[in-house]
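So you can see what is in the structure, the chains are spelled out below.
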Amino acid sequence: MDGELFPRERTLIAPGAVHVPDWLGAGRQGELLAACRAWARPPAGLRTVRTPGGGVMTARQVCLGLHWYPYGYARTVVDGDGAPVKLMPEWLAELGREAVAAAYADAPDPPGPAAAYDIALINFYDGDSRMGMHRDAEEKSAAPVVSLSLGDTCVFRFGNTASRGRPYRDVELRSGDLFVFGGASRLAYHGVPKVLPGTGPRDLGLTGRLNITLRVGGLG
């Protein structure tokens, strides 16, 4: 079913993984960008993520609801200023539910209904930023992951559940695009090998790319 088109331009990338171009209109993109800029301010603001092996992620990050660090969650910024994590707003959780409904509408066998989205990871990519192949495996919930893109286009590499290597598929995610993955693809490896600088909408006023990833922790 690779490449099958759903109604409203939805594209099935893999079982349970759906790309919805232009899901966010210009007004909604602007609202999200303003919110991201507020969340990025300290305390518990935008930070550089360091891996246990001493590496540094080139995309910077701020978290809502729970703080993600390699490889777990906490209620304070354990690898930053130690401040309590900012709250996950209800309107953003609702946006996650709307996204899942939009992605899987009319699908013959959609993943189960999503619980309340309670974690958001906002990653900022400049022109040189990358994200290595990884999977979102620290959550206990199997609810689909919701990914929203703002600003510059990126190459999003969506792989398989067995390894970081092939088979994978590269998808261009543009400002306003939605990508949801759940079901058989919930633990698929994925990453961002390239950002395309200067490709974002000029009216948005964003240099670089923002990715808002919404998750259900199921962590109690």
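Now for a quick tour of the structure. What you are looking at is a predicted structure, and each value in this text was computed from that prediction instead of being measured.

Quick look at the overall build of the chain now. When helices and strands are counted, the chain shows 2 helices and 13 strands. For the chain, the spread of C-alpha atoms along the three principal axes comes to 45 × 40 × 35 Å. Burial statistics for the chain: of 220 residues in total, 52% are counted as buried. For the chain, the share of sequence-separated contacts (at least 6 apart) that also reach a separation of at least 24 residues comes to 74%. Within the structure as shown, the chain displays about 10,100 Å² of accessible surface, and the carbon and sulfur contribution to it stands at 53%.

Look at helix H1 (residues 26–39): 20 Å from first C-alpha to last across 14 residues, which is about the 20 Å you get at 1.5 Å a residue. Of the positions making up H1, those classed as buried are Gln-29, Leu-32, Leu-33, Ala-35, Cys-36 and Trp-39. All buried residues of H1 lie within an arc of 165 degrees about the axis, which places them on one face of the element. Exposed residues lying more than 90 degrees from the buried face of H1 are Ala-26 and Glu-31. Tucked inside the fold, the buried residues of H1 contact strand E3 (60–64), helix H2 (90–104), strand E6 (119–125), strand E8 (145–151) and strand E13 (209–215).

To continue, consider the layout of surface pockets. The computed volume of the largest pocket comes to approximately 530 Å³. Lining of the largest pocket is provided by 31 residues; of these, Met-57, Met-131, Gly-132, His-134 and Asp-136 occupy positions nearest its centre. Of all the secondary structure elements, the ones that give two or more residues to the lining of the largest pocket are E6, strand E7 (131–134), E8, strand E12 (190–196) and E13. Classifying every residue of the lining of the largest pocket by side-chain character gives 15 nonpolar, 10 polar and 6 charged.

A separate point is the sheet that holds E12. Pairing is antiparallel across the open sheet formed by 4 strands, whose spatial order is E7-E12-E9-E10. Two strands in the sheet have a free side with no partner beyond their single neighbour: E7 and strand E10 (169–173). Looking at each pair of strands side by side, their axes are set apart by 25 degrees on average, direction ignored. Pairing analysis gives 2 bridges linking E7 to E12, with the strands arranged antiparallel. Opposite His-134, over in E12, you have His-190 as the bridge partner.

The next thing to look at is the environment of Pro-197. Structurally, Pro-197 is set in the loop between E12 and E13. Spatially, the C-alpha atom of Pro-197 lies 7.5 Å from that of Thr-153, the residues being 44 residues apart in sequence. When residues no more than four places from it in sequence are discounted, the contact partners of Pro-197 are Gly-127 and Asp-152.

Leu-92, Ile-122, Val-146 and Leu-150 are the most contacted members of the largest nonpolar core, which has 36 residues in total. Going through the elements one at a time, strand E2 (17–20), H1, E3, H2, E6, E8, strand E11 (178–181) and E13 are the ones with two or more residues in this core. Of the residues forming this core, the biggest block, 7 residues, is contributed by H2. With near-sequence residues (within four places) excluded, Leu-150 lies in contact with Leu-24, Gln-29, Leu-32, Leu-33, Ser-175, Leu-204, Leu-206, Gly-208, Arg-209, Leu-210 and Ile-212.

What follows is about the packing of aromatic side chains. The final tally for this structure, using the stated rule, is 7 aromatic pairs. With a centroid separation of 6.2 Å and 40 degrees between ring planes, the pair formed by Phe-156 and Phe-158 is classed as tilted. Site record: aromatic cluster; members linked through ring pairs are Phe-156, Phe-158, Phe-179 and Phe-181. Note that Arg-209 overlies the ring of Tyr-125, its terminal NZ or CZ placed 5.2 Å from the centroid.

Reading the values: the criteria
- Residues numbered from 1 in each chain as written.
- Predicted model: local features only at pLDDT ≥ 70, side-chain atom pairs only at ≥ 80, totals over all residues.
- Heavy atoms only, no water.
- Helix = DSSP H or I, 4+ residues; strand = E, 2+ residues; numbered from the N terminus.
- Buried < 20%, exposed > 50% of the residue type's maximum accessible area, 1.4 Å probe, protein only.
- Contact = heavy atoms within 4.5 Å.
- Areas by Shrake-Rupley, 256 points an atom, 1.4 Å probe, with all protein chains shown as cover.
- Expected span 1.5 Å × (residues − 1).
- Arc of directions from axis to C-beta.
- 1 Å grid on protein atoms, 1.4 Å probe; cavity = no way out; pocket = protein on both sides within 12 Å on 5 of 7 lines; lining within 4 Å.
- Points joined across faces, edges and corners; volume = space filled by probe spheres on them.
- Nonpolar A, V, L, I, M, F, W, Y, C, P; charged D, E, K, R; others polar.
- Pairing = 2+ DSSP bridges.
- Axes fitted to C-alpha atoms, helices over the stretch in contact; angles between N-to-C directions.
- Core = buried A, V, L, I, M, F, W, Y, C linked by side-chain atoms within 4.5 Å.
- Phe/Tyr/Trp six-rings, centres within 6.5 Å; stacked < 30°, edge-to-face > 60°.
- Lys NZ or Arg CZ within 6 Å of the ring centre and 35° of its normal.

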